[in-house]
Every structure is written in C-alpha cells, then in structure tokens.
There are 2 protein chains.
Amino acid sequence: MSTVGNNIPEKTIERLSEYRRTLLACHKQGITHIFSHVLAGMHGITAVQVRRDLMLIGFSSDTKKGYDVKVLIEFINGILDSECVMNVAVIGMGNLGQAITKYFNGKGLKLRIVTAFDVDPHKVGSVIDDIPCYHMDRFEEVVSSMDISIVVISSPTRIAPSLVVPIINAGIKGVLNFTSAPLNFPQGIVAENYDITTILEKVAYFVKESDESNDKN
Amino acid sequence: MSTVGNNIPEKTIERLSEYRRTLLACHKQGITHIFSHVLAGMHGITAVQVRRDLMLIGFSSDTKKGYDVKVLIEFINGILDSECVMNVAVIGMGNLGQAITKYFNGKGLKLRIVTAFDVDPHKVGSVIDDIPCYHMDRFEEVVSSMDISIVVISSPTRIAPSLVVPIINAGIKGVLNFTSAPLNFPQGIVAENYDITTILEKVAYFVKESDESNDKN
C-alpha cells in the first residue's frame with residue numbers, strides 16, 4: 001500500500017479504526033472515560049502501544065480519569081474520516097459481496113456502499129440489501145454518475161485481473177481486493193490485496209509452530 | 001498474534017502463502033522457472049524483498065534460470081504446512097461463513113473446513129456446500145469428534161464475545177475472528193482479529209490523504 005506524504009504508519013491507522021469501534025461501543029454503554037490500559041486490554045495490546053498511537057496523532061489526555069471517550073472519538077474521526085461520505089461499490093455480489101454490504105451499511109460510517117456490479121443475469125437489475133446491482137458493462141458510467149471513489153473486489157479470482165483496466169479507466173482511487181489474484185495498480189490508486197486464504201494459512205502456521213514447540217518441551 | 005519460538009516474521013509467512021498461490025498458478029500454466037523480479041512484480045513488491053524472504057527460509061536458487069517453480073512450491077509447503085490436514089470449523093454460516101467455505105474447500109490445501117456451527121433452525125441439521133451444520137450447543141462434542149483445531153468466527157459481532165469460553169473449553173488452538181469485536185484468548189491459542197471494516201477504513205484514509213496531497217500540489 002502506498003503512503004502518500006503523511007507520517008502515520010499503516011498499522012496505527014488500522015488500530016485507530018479499531019479503537020474507534022471499541023470507543024463507540026463504550027460510549028453506547030454510557031462509559032465516559034477510559035484508561036489506556038483498559039483500552040489496550042480490550043485489544044490484546046500494551047498500554048504503551050495505545051499511548052504511542054494517540055501521541056502520534058497529537059492526542060493527550062487527563063491521566064487521572066483516563067481518556068474522555070467522546071472527545072477521543074471525535075479526535076479519531078478528524079484523523080480518519082474525510083469531510084464528506086465516500087461512496088463505495090462492490091464488484092461481485094456473491095456471498096462475500098453480500099456479507100460485506102450487510103456488514104457495512106447502517107453502521108453510520110463515512111463510507112457507504114452504494115452500488116454493486118455483477119454479470120449474473122439473476123442479479124443484474126435487481127436490488128440486493130437496498131443496493132442496486134448493475135452489469136459490469138455499465139461500470140464506468142455508473143461510477144461516474146454515483147461518484148464512487150472506492151471499489152471492493154469480491155468477484156471470483158479468475159475474473160479479478162480483467163477488472164484492472166476498467167477500474168483505472170473509471171478513475172477509481174482506492175481498491176480493496178479480496179480475491180487470490182494480487183492486482184497491481186499505477187501510483188495514485190491505493191490498493192490493498194487482502195486474501196482470506198493467506199490469513200487462515202498464517203493462523204495454521206503459528207498453530208503448527210506452537211504444537212511443535214510444545215512437543216519439544 | 002503470538003509467535004512461538006520461531007524466527008520467521010508474520011509478514012514473511014503471509015508473503016510465502018501468497019508466493020505459493022502465484023507459483024501454483026504458474027505451474028498450472030506450464031511455467032517451470034521464475035526470476036525473483038518477475039515474482040516480485042506479480043505481487044507489487046521489490047525483488048530484494050522476495051530474495052530476503054526466501055533467504056530467511058533457507059532457499060537458494062539457480063540465478064541464471066531463476067527459481068525452479070516446482071522445487072520452490074515444495075520448499076514453501078515444507079515451511080507452511082503441517083504434516084497432516086488441519087480441520088477447520090466455521091462459526092456462523094451466514095453469507096460470510098458460506099463465502100469462506102466456498103472459497104477454501106476444493107483448493108487442495110492442507111486446511112479443510114469440515115463443519116459449521118450456527119443457531120438458526122433453518123441451518124442447523126442441514127448440509128451447506130457439503131459442510132454439515134451443527135447447533136452451537138454441540139460445539140465441544142463435535143470439535144472433539146471431528147478433531148478440529150482451528151475455528152473461523154463469522155457470526156454477528158454481538159455474539160462473538162460469548163464464543164470465547166466455549167472455544168477455550170473445546171481445546172481449539174487457532175482462531176480467525178472476522179467480527180468487529182476484538183477477542184482475547186489465553187497464551188497457547190493463536191488468535192487473529194481480522195475486521196473487514198478496519199481494512200476498508202484504512203484504504204479510505206489513504207485515498208483521502210492522497211487527495212489532500214494532490215490538492216496541495
């Protein structure tokens with residue numbers, strides 16, 4: 001992933017997004033203040049890490065009562081969110097595309113999945129989970145008319161490489177690719193390849209290593 | 001994620017899994033040798049990174065012809081795979097659970113999703129994509145009888161915290177959690193929290209930063 005002239009590391013951005021979700025849940029429960037070690041414990045990391053992340057974004061707290069939950073949420077919003085809602089499209093409205101759509105919308109985020117693309121005649125022209133589904137043939141036209149800046153690729157892997165050119169031509173700025181085909185985009189397009197197989201294989205590897213080290217003991 | 005007495009970094013493990021998928025695709029196409037810069041280009045990284053990763057696992061190549069694809073696949077197999085197939089269960093057989101199952105099985109990996117758990121009476125007792133679906137009440141018994149070592153959590157987020165105790169009690173060794181609730185497990189259980197929202201927010205953040213830096217230019 002390209003980082004474009006900013007100084008906040010990728011991992012910190014990920015954690016800020018995670019902190020915010022936890023803080024929103026705390027706020028909902030009426031919790032007004034939270035200590036760094038409590039927030040850290042909920043994420044399985046150290047308090048030092050939490051404090052370092054918040055220092056990086058210039059947030060300091062009343063150490064006697066902990067962080068003010070509402071103020072910290074607003075502060076993170078200021079870092080992560082753009083001023084207006086960003087429109088997202090899903091390419092491939094199978095199980096994964098539908099899961100992502102359900103998961104996202106209605107969460108009140110500054111990101112909104114507004115449309116889907118597919119080639120399946122049963123899906124094209126229909127509305128799935130309140131999202132209209134268009135044929136890929138209309139990709140460029142719909143991206144422009146709906147002001148879409150980010151796409152999520154949840155198509156079959158074999159289709160993924162054929163999506164690169166339409167995505168570039170349509171002026172998409174961010175791509176989240178869930179298929180097993182790593183996709184390369186020119187500079188200026190933020191792309192994240194996020195293969196579920198990789199993560200499950202990683203978990204399996206560390207389980208195996210853990211077993212082997214136990215066998216040795 | 002805990003690393004248990006091994007020296008290969010997490011990111012290298014992820015990339016090895018990705019290299020292997022690319023190498024398998026090359027092998028299928030009849031490609032017998034590949035240069036590090038070609039493999040690197042397919043993953044949008046540098047050749048130095050590829051060579052460093054392979055050096056870390058002790059693999060060296062004939063630099064004139066590039067890496068022998070088949071030999072390298074076997075070598076990575078030896079690092080990543082355990083000797084026997086690991087059985088995986090999915091908790092929550094909604095769209096995401098079904099997407100993951102379809103995605104995984106039939107790929108000939110050393111990981112196999114063998115069963116699912118849910119509480120929906122329409123799903124419990126049925127077979128979905130060749131996977132039998134049991135009620136969560138029977139979790140411990142089925143995990144034991146089917147020798148399951150890894151679970152994938154694709155349940156609704158609000159359910160996730162209630163799964164921690166059954167997972168510990170059943171002797172599960174690895175957890176891949178896709179919900180928005182970060183889950184903590186005791187040492188000895190490898191856990192990866194993998195929230196899709198985080199990744200989409202990260203892509204959006206870097207798109208926003210890129211826009212702002214373009215506005216400045």
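Here is a short report on the structure shown in this document. (Residues numbered from 1 in each chain as written. Chains lettered and ligands numbered in written order. Predicted model: local features only at pLDDT ≥ 70, side-chain atom pairs only at ≥ 80, totals over all residues. Heavy atoms only, no water.)

All names here are of chain A. Contact geometry of helix H2 (residues 36-43) with helix H3 (residues 47-56) gives a least axis separation of 8 Å together with a crossing angle of 110 degrees. When the axis of H2 is compared with that of H3, the two are roughly perpendicular. In contact with Ser36, His37, Leu39 and Ala40 of H2, H3 contributes Ala47, Val50 and Arg51. Grouping the amino acids of the contact of H2 with H3 by side-chain chemistry returns 4 nonpolar, 2 polar and 1 charged. (Axes fitted to C-alpha atoms, helices over the stretch in contact; angles between N-to-C directions. Helix = DSSP H or I, 4+ residues; strand = E, 2+ residues; numbered from the N terminus. Parallel < 35°, antiparallel > 145°, perpendicular 65-115°, else oblique. Contact = heavy atoms within 4.5 Å. Nonpolar A, V, L, I, M, F, W, Y, C, P; charged D, E, K, R; others polar.)

Moving on, we get to the environment of Phe59 of chain A. Residue and element names in this part refer to chain A. Positionally, Phe59 belongs in the loop between H3 and strand S2 (67-68). Judged by its relative accessible area of 10%, Phe59 is buried. With 16 residues separating them in the primary sequence, Phe59 and Phe75 have C-alpha atoms 7.5 Å apart. (Buried < 20%, exposed > 50% of the residue type's maximum accessible area, 1.4 Å probe, protein only.)

This next bit is on the sheet that holds strand S6 (residues 131-135) of chain A. All names here are of chain A. Taken in spatial order, the 7 strands make up an open sheet running S5-S6-S4-S3-S7-S8-S9, and their pairing is mixed. Two strands in the sheet have a free side with no partner beyond their single neighbour: strand S5 (127-128) and strand S9 (190-193). Strand contacts of helix H5 (residues 95-104): strand S3 (86-91), strand S4 (111-118), S5, S6 and strand S7 (148-153), with the helix running at about 160 degrees to S4, the strand carrying the most contacts. (Pairing = 2+ DSSP bridges.)

A separate point is the interface of chain A and chain B. Facing the 69 residues of chain A at the interface are 69 residues of chain B. Between chain A and chain B, roughly 6400 Å² of surface is buried when both sides are summed, and carbon and sulfur atoms account for 64% of that area. Taken together, the links from chain A to chain B amount to 12 salt bridges. Salt-bridge contacts for Arg21 of chain B lead to Asp195 of chain A; the nearest nitrogen and oxygen are separated by 2.7 Å. (Buried area = accessible area lost by both parts, 1.4 Å probe. Salt bridge = Lys/Arg side-chain N within 4 Å of Asp/Glu carboxyl O.)

It is worth spelling out the pairing of S6 of chain A at this point. Residue and element names in this part refer to chain A. Alignment of S4 against S6, held across 3 bridges, turns out to be parallel. Residue Phe117 lies in a different strand from S6, and its bridge partner there is Tyr134. Counted between consecutive antiparallel strands, the loop separating S5 from S6 contains 2 residues, among which Asp129 sits at a positive phi close to 50 degrees.

With that settled, consider the relation of the copies chain A and chain B. Aligned on chain B, chain A shows an RMSD of 0.0 Å; the corresponding rotation is 180 degrees and the shift along the axis is 0.0 Å. Such a combination of turn and shift is consistent with a two-fold rotation axis. Across chain A, the rotation axis passes nearest the C-alpha of Asn95 of chain A, at a separation of 2.4 Å. Of the interface residues in chain A, 100% have counterparts in chain B that sit at the interface too, so the contact is made through matching surfaces. (Least-squares fit on C-alpha atoms with pLDDT ≥ 70 in both.)

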